[in-house]
Amino acid sequence: QVAPVESGGGLVQDGGSLLLSCVFSGRAFRSSGVGWFRQASGKEHEFVAGIGWNPDIKYYVDSVQGRFTISRDNVKNTVYLQMNSLKPADTAIYYCAADEQYSALYPMSRPNYWGHGTQVTVSS
């Protein structure tokens, strides 16, 4: 399994939107759950959202509920994170990660694979 590759980060104003993408390689993707994490400067990794191999099962932390939407396209081996109503507090490096045992009924805690991250900066 090759590390997933994130894209779509950038600089946006308070209240703006971004769409992050995470492309996986390998056949294990379709049976794996995927999560998005973020790490702000000087802080620990924070789980943000997850989606199970069943795309109808999703999990969001309270701070992004109603603003972020996670989805997956198993044909393109890609998971997306649509981020709306962005706030300066959302500024961080965003990482996607995969876990073959993850169902998205709870926060992801032990990913098997990590991407290298994409920077999201929200200006006030």
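For the structure, check the block above.
Draft legend 1. The overall build of the protein, seen in detail. In terms of regular secondary structure, the protein is built from zero helices and 11 strands. Element order for the protein, N to C, with α for helix and β for strand: β-β-β-β-β-β-β-β-β-β-β. In summary, the protein has a C-alpha radius of gyration of 13 Å against a globular reference of 14 Å for 124 residues, a match within 12%. A total of 124 residues make up the protein; the buried ones form 42% of that total.

Draft legend 2. Representation of the side chain of Arg 72. Within the fold, Arg 72 resides in strand β7 (residues 68–73). Within the buried core, Arg 72 has no salt-bridge partner, and the shortest N-O distance to an opposite charge, that of Asp 73, equals 8.3 Å. Polar side-chain contacts of Arg 72 include one of 2.8 Å to the backbone oxygen of Phe 29.

Draft legend 3. Structural detail: the pairing of strand β4 (residues 33–39). Among the seven residues of β4, six are classified as buried, and the element is accordingly described as predominantly covered. Bridge analysis of β4 against strand β9 (residues 92–99) gives seven bridges, and the strand direction is antiparallel. By the bridge assignment for β9, Gly 33 is matched with Asp 99. Count of turn residues in the β4/strand β5 (residues 46–51) antiparallel hairpin: six residues, of which Gly 42 carries a positive phi of about 80°.

Draft legend 4. Focus on the environment of Phe 37. Along the chain, Phe 37 turns up in strand β4. Here the alpha-carbon distance between Phe 37 and Ala 97, two residues 60 residues apart in the chain, equals 7.6 Å. Look past the residues within four positions of Phe 37 in its chain and what remains in contact with it is His 45, Glu 46, Phe 47, Val 48, Ile 93, Tyr 94, Tyr 95, Ala 97, Met 108, Pro 111 and Trp 114.

Draft legend 5. View of the sheet that holds strand β1 (residues 5–7). Strand order in the open sheet formed by four strands is β1-β3-β8-β7, with antiparallel pairing between adjacent strands. Where the open sheet ends on each side, the last strands, each with one partner, are β1 and β7. Strand-to-strand, the axes of this sheet are offset by a mean angle of 15°, without reference to chain direction. Both β1 and strand β3 (residues 18–23) contribute to a ladder of three bridges, which runs antiparallel. The residue bridging Glu 6 from the neighbouring strand is Cys 22, located in β3.

Draft legend 6. The arrangement of the packing of aromatic side chains in detail. Tallied over the entire structure, the rule returns seven aromatic pairs. Their ring planes at 55° and their centres at 4.8 Å tell us that Phe 37 and Trp 114 sit as a pair that is tilted. Within this pair, whereas Phe 37 is found in strand β4, its partner Trp 114 is found in strand β10 (residues 113–114), the two being separated by 77 residues in sequence. Phe 37 gets classed as buried once you look at its relative accessible area, which sits at 6%. Seen from their ring centres, Phe 47 and Tyr 102 are 6.5 Å apart, and the 70° between their planes marks the pair as edge-to-face. Taken together, the residues Phe 47 in strand β5 and Tyr 102 in the loop between β9 and β10 connect sequence positions 55 residues apart. Across this residue pair, the class does not change: Phe 47 and Tyr 102 are buried. These aromatic residues form a ring-pair network of at least three members: Phe 37, Phe 47, Tyr 59, Tyr 95, Tyr 102, Tyr 106 and Trp 114. For Arg 72, the ring lying beneath its charged end belongs to Phe 29, and the centroid distance is 4.4 Å.

Conventions adopted
- Sequence order as written defines the numbering, with residues in each chain counted from 1.
- Residues qualify for local features only when their pLDDT is at least 70, as the model is predicted, and side-chain atom pairs are given and counted only at 80 or more; totals for whole chains, interfaces and linings, by contrast, use all residues.
- Each side-chain value is worked out from all heavy atoms of the structure, with water and hydrogens disregarded.
- For helices the rule is a DSSP run of H or I covering at least 4 residues; for strands it is a run of E covering at least 2, with both sets numbered from the N terminus onward.
- Restricting the calculation to C-alpha atoms gives the radius of gyration, and the globule rule supplies 2.2 Å times the number of residues raised to the power 0.38.
- Only protein chains enter the accessibility calculation, which uses a 1.4 Å probe. A residue is then buried if its area is under 20% of the maximum for its type, exposed if over 50%, and partly exposed in between.
- None of His or the chain ends enter the tally, which takes Lys and Arg as positive and Asp and Glu as negative.
- Just to be clear on terms, a salt bridge is a Lys or Arg side-chain nitrogen sitting within 4 Å of an Asp or Glu carboxyl oxygen.
- In the analysis that follows, any N or O atom pair within 3.5 Å is treated as a polar contact, provided that within protein one partner can donate a hydrogen and the other can accept it, and provided that, for residues neighboring in sequence, both atoms belong to side chains.
- When DSSP finds two or more bridges between two strands, those strands count as paired.
- What makes two residues a contact is simply this: any of their non-hydrogen atoms within 4.5 Å.
- Here an angle of 0 to 180 degrees is reported between the N-to-C directions of two axes, which are lines fitted to C-alpha atoms, with helices fitted over the stretch in contact.
- Classification of ring pairs uses Phe, Tyr and Trp, with its six-membered ring standing for Trp, and accepts pairs whose centres are within 6.5 Å; under 30 degrees between planes counts as stacked, over 60 as edge-to-face, and the remaining range as tilted.
- Charges are assigned to positions over rings by a cutoff of 6 Å between ring centre and Lys NZ or Arg CZ, combined with an angular limit of 35 degrees from the ring normal.

Honestly, that's just the spatial picture; any functional story needs more than this.
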